[in-house]
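One-letter residues, chain by chain:
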Amino acid sequence: KAGVTQTPRYLIKTRGQQVTLSCSPISGHRSVSWYQQTPGQGLQFLFEYFSETQRNKGNFPGRFSGRQFSNSRSEMNVSTLELGDSALYLCASSLNQPGGFNTGELFFGEGSRLTVL
Amino acid sequence: KNQVEQSPQSLIILEGKNCTLQCNYTVSPFSNLRWYKQDTGRGPVSLTIMTFSENTKSNGRYTATLDADTKQSSLHITASQLSDSASYICVVSGNTGGFKTIFGAGTRLFVKA
C-alpha cells in the first residue's frame, strides 16, 4: 500500500513568488492535514481537510491556503513568499478525522522543503 | 490553554544505554496520545498510539506509558542504537471546543558510539 506522497520534495523560490505543494494521501484516507516545521521548532498546524471541507485551521496568515479534491488529494498554496516561509512542509493523512471514534493515526509524507531566497 | 510539554529538550546517551522521554499535557477532554519518531529531514513515523484506558504499550524497544490522571506520558527506549538518533514528538488529541491536535516541540535524542 503506497504511503503519503508529497511533491515536490525540494524547491527554491524568491521573495514575492507563490508556491503550490501537492499531497496524495494513502488510498482510502479522507482526512489530510498540513504542517509547517522550521529548524528547531515543533510542527505548526496549518489546516486540515476532510471530504473536501476545511475542518480546522491554524494561526497562519491568509497567504497560506489549501484545498482538497474529490479524490482526497490536497494542495496548499503560499502566496507572496517571505524569507520566514522557508521550512519543511509536511502533509499527513488519516482514515478518519483525527480524534473521532477511531485512533486517528496520522501518516506523514516525507515533506516538501521550501527555501525562499 | 491546551498545551503539550516535552522534556528534556535534547538528550545525549551512549549506545546500548536506556533513556526515558517525558510528555506532560493539559489537553482535556483527552482522546488519544501518540509518540512519533522523526529522522532529520524526514516525515514523522508513528511509534505508539494510546487511548484513555491504556496504561502501557510497546513497540519493539520502545515502551510508552500513560497516566491519564496526572496527564503524563513517557517513552522509554531500551538498549539504544545509533539509529535511534532522532526527534521524538508527543502528540495529544482531544475535543476541546472543537477537535484539537496539539504537538509537543519534541525531544532531540543523540545516541553516540
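Anything mentioned here points back to the structure above.
Conventions adopted
- Residues numbered from 1 in each chain as written.
- Chains lettered and ligands numbered in written order.
- Predicted model: local features only at pLDDT ≥ 70, side-chain atom pairs only at ≥ 80, totals over all residues.
- Heavy atoms only, no water.
- Contact = heavy atoms within 4.5 Å.
- Buried area = accessible area lost by both parts, 1.4 Å probe.
- Salt bridge = Lys/Arg side-chain N within 4 Å of Asp/Glu carboxyl O.
- Polar contact = N/O pair within 3.5 Å; in protein donor to acceptor, adjacent residues only side chain to side chain.
- Helix = DSSP H or I, 4+ residues; strand = E, 2+ residues; numbered from the N terminus.
- Phe/Tyr/Trp six-rings, centres within 6.5 Å; stacked < 30°, edge-to-face > 60°.
- Buried < 20%, exposed > 50% of the residue type's maximum accessible area, 1.4 Å probe, protein only.

J.: Whenever I open this one, the interface of chain B and chain A confuses me. Can you help?
T.: Think of interface size as the accessible area that goes away when the parts come together; that is how it is often given. Contacts between the two partners involve 17 residues from chain B and, on the opposite side, 19 residues from chain A. Contact between chain B and chain A buries roughly 1,500 Å² in total, counting both sides, with carbon and sulfur atoms accounting for 54%. One can count 1 salt bridge joining chain B with chain A. Note that Glu-110 of chain A and Arg-42 of chain B form a salt bridge whose closest N and O atoms lie 2.5 Å from each other. Applying the counting criterion to the chain B and chain A interface returns 4 residue pairs in polar contact (both at pLDDT 80 or more). Looking at the side of chain B that touches chain A, the elements with two or more residues in it are β4 (30–38), β5 (45–51) and β10 (99–103) of chain B. It is β4 of chain B that provides the largest number of residues to the side of chain B that touches chain A, a total of 5 residues.

J.: For this particular structure, what's the right way to read the packing of aromatic side chains?
T.: Remark: the centre distance and the inter-plane angle together describe each pair of aromatic rings, the angle taken between the planes. Evaluated as defined, the whole model comprises 8 aromatic pairs over all chains. When the ring of Tyr-35 of chain A is compared with that of Phe-103 of chain B, the centres are 4.9 Å apart and the planes differ by 65°; the resulting orientation is edge-to-face. A residue pair is termed interchain when its members come from two chains, as with Tyr-35 of chain A in strand β4 (residues 31–37) and Phe-103 of chain B in strand β10. With respect to burial, Tyr-35 of chain A and Phe-103 of chain B carry one shared label: buried. Here Tyr-62 of chain B and Tyr-88 of chain B contribute two aromatic rings whose centre-to-centre distance is 6.1 Å and whose plane-to-plane angle is 45°, an arrangement assigned as tilted. Linking Tyr-62 of chain B in strand β7 (residues 62–67) with Tyr-88 of chain B in strand β9 (residues 86–95), this pair joins segments that are 26 residues apart in sequence.

Any link to function would need more than the numbers given here.
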